[in-house]
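An overview of the molecular structure
One-letter residues, chain by chain:
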Amino acid sequence: MTPTSPLPPFTEIPAHLQSVLDYELQAQHHIAEPTWHYLQGGAMYEQSLQENQQQFKNIRLIPRHLKDLTQATTQLNLFGLDYPHPIFLAPVGHQALFHHQAEQATALAAQVMQSNLILSHLTNTHMADVNHQNPYKWFQLYWQGDRAQSLNLIKTAEQHDYKAIVITVDAPHTGIRDRERKANFYLPTDLVHPHSPPHKQDFSQQHSIFQTLMRLAPVWEDIAWVVENTHLPVLLKGVLHPADAKKAVEYGIAGLVISNHGGRVLDGTIPPLIALQKIRALVPENYPLLIDGGIRRGSDIFKAIALGANAVLVGRPYIYGLATAGALGVAHVLKVLKEELEITMALMGTASINEINQDFIYRDQPISR
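This one's a predicted model, so the numbers in the text were calculated from it and none came from an experiment.

**Points about the pattern of salt bridges**
Within this structure, the stated rule accounts for eleven salt bridges. Asp222 is the salt-bridge partner of Arg147, the closest N and O atoms lying 2.9 Å from each other. Of the two residues, Arg147 sits in helix H5 (residues 147-159) while Asp222 sits in helix H7 (residues 220-228), which places them 75 residues apart along the sequence. Arg147 gets classed as partly exposed once you look at its relative accessible area, which sits at 32%. In this structure, Lys163 engages Asp161 in a salt bridge whose closest nitrogen and oxygen atoms are separated by 3.1 Å. By relative accessible area, which is 40% here, Asp161 ends up partly exposed.

Structure (structure tokens):
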């Protein structure tokens, strides 16, 4: 059980912290119990939450040997920019819940580890206060109910040299999270969200979700309008259906983050790893696909890339690091995952991200087109 008074963050990394699982077990002692259930919980029965990780465990690898790997690299290119490795930080809001330095600690670690940071719309840190010298940063947007407010945030991101806009489309309403509610979790009223002022719409006479929150949700025409009004690449986060992926290509979306929101919104969805394979079979060969959900080991990253991902997003893993040891913990989690990926690549006989493909994957039946 989480102690009544959470432990303060470590100022150095204890020797027993060797994996993401180690950090998960440790982080529970540094987070208040209701907040822990908020972080760990999923929607309803938490079926999707559990299956996100299980899908990676179901995949088997077939290594190749006797290849010269002395010049191997984890580098990749997306939207004309080289990234040192494919481990990106997923947008996670309200990070002041987990460490007093919030996203500033996360951003510092991301810069040190050269990991692409996707700053959440629900950040407690203004996007202008994230490291100015870090070239690896994107901004995640929740649609604001109208085009003008949304575009204002996009232009702010452009002004502060963010490299892409990620629009989350799978959460127009909060998921039904039983565990979180039973733990009596609520956001502190003094938690600052510089890019997310409360909506002022009066829904007092409305009784249906379709006539309230769904009035604020974007539609395809809004997304197309965003594409036309920014020079930055626009990605959609939360796509699982191949038909939506096909439509995204048609609407000029630069790439997709295949995700079920960490199992936190709609329970019973297919895991992102399955959706990835179906979508990769449909979109153009070089179309950027990122995957979010269930990554806990470097071998999981390898499997995701082999099945069609260009890069992966991790969320809960780096929050475990943040709660445990602030920026130092986030950096160490990223270091662990990067080293695990490199070791997996070496043992699999792959010298670059581009060499990782389905030939290294064993499955009983192929994904049909």
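**A look at the layout of surface pockets**
One number sums up the size of the second largest pocket: a volume of about 660 Å³. Where the lining of the second largest pocket is concerned, the elements lending two or more residues are strand S2 (76-78), helix H9 (272-280) and helix H10 (298-306). A per-element tally of the lining of the second largest pocket places S2 first, with three residues. A breakdown of the residues in the lining of the second largest pocket according to their chemical character gives eleven nonpolar, nine polar and four charged.

**Some thoughts on the packing of aromatic side chains**
Counting across every chain of the model gives ten aromatic pairs. Summarising the aromatic geometry, the rings of Phe88 and Trp138 are spaced 5.6 Å apart at their centres and angled 80° between planes, so their arrangement reads as edge-to-face. Of the two residues, Phe88 sits in strand S4 (residues 87-89) while Trp138 sits in strand S6 (residues 137-141), which places them 50 residues apart along the sequence. Judged by relative accessible area, Phe88 falls into the buried class, the value being 0%. The class of Trp138 is buried, set by a relative accessible area of 0%. Here the aromatic cluster, defined as three or more aromatic residues joined through ring pairs, consists of Phe79, Tyr83, Phe88, Tyr136 and Trp138. The ring of Tyr162 is capped by Lys137, whose NZ or CZ atom sits 4.7 Å from the centre of that ring. Over the face of the ring belonging to Tyr38 we find Arg264, whose NZ or CZ atom lies 4.7 Å from the ring centre.

**Here's the deal with the pairing of strand S10 (residues 289-292)**
Side chains Leu289 and Ile291 project from S10 onto one buried face, and the interleaved Leu290 and Asp292 project onto a second face that is buried too. Pairing of strand S9 (residues 255-259) with S10, which is carried by four bridges, proceeds in the parallel orientation. Across the sheet, the residue bridging to Ser259 is Asp292, located in S10. Relative to strand S11 (residues 311-314), S10 is paired through three bridges, and the arrangement is parallel. Directly across from Ile291, in S11, lies its bridge partner Val312. After leaving S10, the chain enters H10 and then returns to the sheet as S11, a path that is right-handed.

**What about the side chain of Gln140?**
As for its position among the elements, Gln140 is in strand S6. Judged by its relative accessible area of 2%, Gln140 is buried. A distance of 2.8 Å separates a polar atom in the side chain of Gln140 from the backbone nitrogen of His121. Those residues in contact with Gln140 that lie beyond four places of it in its chain are Pro91, Ile118, Leu119, Ser120, His121, Val166 and Thr168.

**Re the nonpolar core**
Among the nonpolar cores identified, the biggest contains 86 residues, and Phe98, Phe139, Leu236 and Leu256 are the most heavily contacted of them. For this core, the element with the most residues is helix H11 (residues 316-348), which contributes 14 residues. Other than its neighbours up to four places away in sequence, Leu236 contacts Ile167, Val169, Trp220, Ile223, Ala248, Ile253, Gly255, Leu256 and Val257. The next biggest cluster of nonpolar side chains, apart from the first, holds 15 residues, and it includes Leu76, Phe88, Leu235 and Leu290.

**A word on the pairing of strand S7 (residues 165-168)**
Across the two faces of S7 the burial is the same, with Ile165 and Ile167 and Val166 and Thr168 all buried. The sheet contact formed by S6 and S7 spans three bridges and is parallel. Its bridge partner being in S7, Gln140 is matched across the sheet by Val166. Taking the sense of rotation as the criterion, the β-α-β connection linking S6, H5 and S7 turns out right-handed. By the bridge criterion, four bridges tie S7 to strand S8 (residues 234-239) in an arrangement that is parallel. Looking at S8, one finds that Val166 is bridged to Leu235.

Conventions adopted
- Residues numbered from 1 in each chain as written.
- Predicted model: local features only at pLDDT ≥ 70, side-chain atom pairs only at ≥ 80, totals over all residues.
- Heavy atoms only, no water.
- Salt bridge = Lys/Arg side-chain N within 4 Å of Asp/Glu carboxyl O.
- Helix = DSSP H or I, 4+ residues; strand = E, 2+ residues; numbered from the N terminus.
- Buried < 20%, exposed > 50% of the residue type's maximum accessible area, 1.4 Å probe, protein only.
- 1 Å grid on protein atoms, 1.4 Å probe; cavity = no way out; pocket = protein on both sides within 12 Å on 5 of 7 lines; lining within 4 Å.
- Points joined across faces, edges and corners; volume = space filled by probe spheres on them.
- Nonpolar A, V, L, I, M, F, W, Y, C, P; charged D, E, K, R; others polar.
- Phe/Tyr/Trp six-rings, centres within 6.5 Å; stacked < 30°, edge-to-face > 60°.
- Lys NZ or Arg CZ within 6 Å of the ring centre and 35° of its normal.
- Pairing = 2+ DSSP bridges.
- Right-handed = clockwise from strand over helix to strand, strands pointing away.
- Polar contact = N/O pair within 3.5 Å; in protein donor to acceptor, adjacent residues only side chain to side chain.
- Contact = heavy atoms within 4.5 Å.
- Core = buried A, V, L, I, M, F, W, Y, C linked by side-chain atoms within 4.5 Å.

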